[in-house]
Amino acid sequence: MDISPELATRLMQAAEQQAAYVPSAKIQAKVSHKTIGMIIAPTAMGKTFVMNRAIQLDRDFGRVSVLTTRDPRPDDQGMFRYYQKNETDIEKLVTKIEKGELVQYAVFPHSGQIYGSEPQDFPGPYNLLATLSNAVSQLKNVGFRAAIPIGLITHPKVWLEWFDARYHDRQSDRPARLQEALESIEWLLAHDEVRWLINEPGRVDAVARELIALIKHPTHANHDKARQYARRLHADISQMIR
């Protein structure tokens, strides 16, 4: 990231303070009538696929658009606004953070990538967002009508296949993504308010409908089985990064 030492310091401060971030009163008022479903899961767990299908099945749901400094991916589907990793664009984002103009933001702990959203990025009464575990407390402080954490998980062997398929040609990305996966699973297992959802291959409609129900009609479906998968996956990933 090609930025000045001064801006690097401001960005580091934003990263350190993100858990306690609260947007301005003006920004809070714009989202106070909305619900957000925070989808928390390791990379390659199928978050985008499941969220997109839920939106197709229920018009009350929208997917949160996101601004980011990461590079575009083929499957982004127009849901991101891209900022360059240079002085000008990073300064714009850091200033928005300092003024409380973003609804929320997150700085990835290992890659330094910035993600964030603004009020216009929440299009429906119910909004779905793939969320870093370290951003959950921040989102709860925003002032949404409800902020619901959803833990998405699958069988460990299935996840390993999905992970290998995504990062087969991106070996340098694997260590950071594995570490972030561990942190996500640890957070999910440590918080009883999580509503668990199992992403079973070949059942996208059923999984999407279950996601809708978890947000509109709260339950803890698949709680025990999902937590068992999460514990096993945590153990497998721990072995992979040793």
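Scroll up for the structure.
Rules and cut-offs
Along each chain, numbering runs from 1 in the same order as the chain's sequence is written. pLDDT decides what is reported in this predicted model: residues at 70 or higher carry local features, side-chain atom pairs at 80 or more are listed and counted, and totals for whole chains, interfaces and linings draw on all residues regardless. Side-chain measures here rest on the full set of heavy atoms in the structure, leaving out hydrogens and waters. Helix and strand assignments come from DSSP, with helices taken as H or I runs of at least 4 residues and strands as E runs of at least 2, each series counted from the N terminus. Both definitions apply: the radius of gyration is a C-alpha atom measure, and the globule rule equals 2.2 Å times residues to the power 0.38. The cut-offs for exposure are 20% and 50% of the maximum accessible area for each residue type, with area from a 1.4 Å probe on protein chains only; residues under the lower value are buried, those over the upper are exposed, and the others partly exposed. In this description, contact between two residues means that some pair of their heavy atoms is separated by no more than 4.5 Å. Only the protein chains shown count as covering a residue, and every accessible area follows the Shrake-Rupley method with a 1.4 Å probe. Neither His nor the chain ends contribute to the count of charged residues, in which Lys and Arg are positive and Asp and Glu negative. By convention, charge coordinates are those of NZ in Lys, CZ in Arg, CG in Asp, or CD in Glu. Side-chain rings of Phe, Tyr and Trp, where Trp is taken by its six-membered ring, are said to pair if the distance between their centres is within 6.5 Å; with planes under 30 degrees apart they count as stacked, over 60 as edge-to-face, and otherwise as tilted. Whether a charge lies above a ring is judged from NZ of Lys or CZ of Arg, which has to be within 6 Å of the ring centre and within 35 degrees of the ring normal. Multiplying one less than the number of residues by 1.5 Å gives the expected span of a helix. The directions considered for the arc are those from the helix axis to the C-beta atoms. Within this scheme, the nonpolar core is defined by two criteria: the residues are buried Ala, Val, Leu, Ile, Met, Phe, Trp, Tyr or Cys, and they are joined through side-chain atoms within 4.5 Å. Note on method: axes are straight lines fitted to C-alpha atoms, helices fitted across the in-contact stretch only, with angles between N-to-C directions ranging 0 to 180 degrees. Rotating anticlockwise by less than a right angle from the far helix to the near helix defines a left-handed crossing, while the corresponding clockwise rotation defines a right-handed one. Asp, Glu, Lys and Arg are counted as charged, while Ala, Val, Leu, Ile, Met, Phe, Trp, Tyr, Cys and Pro are counted as nonpolar; the rest, among them Gly, fall into the polar class.

Novice: How should the overall build of the protein be read in this particular structure?
Specialist: When helices and strands are counted, the protein shows 9 helices and 9 strands. For the protein, whose C-alpha radius of gyration is 17 Å, the value lies close to the compact-globule estimate of 18 Å for 242 residues. Looking at the protein residue by residue over its 242 residues, the buried ones come to 51%. Taking contacts inside the protein between residues at least 6 apart in sequence as the whole, the part at least 24 apart equals 77%. By element, 50% of the accessible surface of the protein is carried by carbon and sulfur atoms, the whole surface being about 11,400 Å². Put simply, the protein has 31 plus and 29 minus side-chain charges, and the middle of one group is 6 Å from the middle of the other.

Novice: What should I look at first to understand the packing of aromatic side chains in this one?
Specialist: Geometrically, a pair of aromatic rings is defined through the distance of the ring centres and the angle of the planes. As enumerated under the stated definition, the model contains 7 aromatic pairs in all. When the ring of F80 is compared with that of Y82, the centres are 6.2 Å apart and the planes differ by 25°; the resulting orientation is stacked. The class of F80 is buried, set by a relative accessible area of 16%. Ring geometry for F122 and F144: centres 5.3 Å apart, planes at 50°, overall tilted. Of the two residues, F122 sits in the loop between β6 (114-117) and β7 (126-130) while F144 sits in the loop between α5 (136-140) and β8 (146-153), which places them 22 residues apart along the sequence. Look at F122 and you get buried, because its relative accessible area is 2%. A relative accessible area of 11% means that F144 is categorised as buried. Through pairs of rings, three or more aromatic residues link up here, namely F80, Y82 and Y115. The aromatic ring of F80 is capped on one face by R70, whose charged end is 4.3 Å from the ring centroid.

Novice: Would you take a moment to explain helix α9 (residues 223-240) for this structure?
Specialist: Side chains of residues three or four places apart in an α-helix project in the same direction, reflecting 3.6 residues per turn. Spanning 18 residues, α9 covers 26 Å between terminal C-alpha atoms, matching the ideal 26 Å at 1.5 Å per step. Buried within α9 we find A226, R227, Y229, A230, L233, H234, I237 and S238. All buried residues of α9 project into a common sector of 165° when viewed along the axis, lining one side. In this structure, α9 carries D224 and Q239 as exposed residues pointing more than 90 degrees from its buried face. Taken together, the buried residues of α9 touch β8, α6 (156-167), α7 (174-190) and β9 (195-198).

Novice: Please explain the environment of M51 as it appears in this structure.
Specialist: Positionally, M51 belongs in helix α3 (residues 47-57). A relative accessible area of 1% means that M51 is categorised as buried. Sequence spacing of M51 and I39 is 12 residues, and the spatial spacing of their C-alpha atoms is 8.6 Å. Setting aside anything within four residues of it in sequence, one finds M51 in contact with I39, R63, L128, L129 and A130.

Novice: So what exactly am I meant to see when it comes to the nonpolar core here?
Specialist: Across soluble globular proteins, nonpolar side chains have a tendency to be buried as a group. Counting residues in each nonpolar core, the largest one holds 60 residues, and the members touching the most others are I153 and L211. The element that contributes the greatest number of residues to this core is α7, accounting for 7 residues. Not counting chain neighbours up to four residues away, the residues in contact with I153 comprise M45, W196, L197, I198, N199, A226, Y229, A230 and L233. The next biggest cluster of nonpolar side chains, apart from the first, holds 15 residues, and it includes L7, V94, Y105 and V107.

Novice: How should I be thinking about the packing of α6 against α7 in this particular structure?
Specialist: Geometry of a packed helix pair, given as the angle between the helix axes and the separation of the axes. Two numbers describe how α6 lies on α7: the axes approach to 11 Å, and their chain directions differ by 145°. As for the relative orientation of α6 and α7, their crossing is right-handed in sense. Along the contact surface, α6 presents W159, F163, D164 and Y167, while α7 presents R174, R177 and L178. Partitioned by chemical class, the residues of the contact of α6 with α7 number 4 nonpolar, no polar and 3 charged.

Remember that the coordinates give geometry; whether it matters functionally is a separate question.
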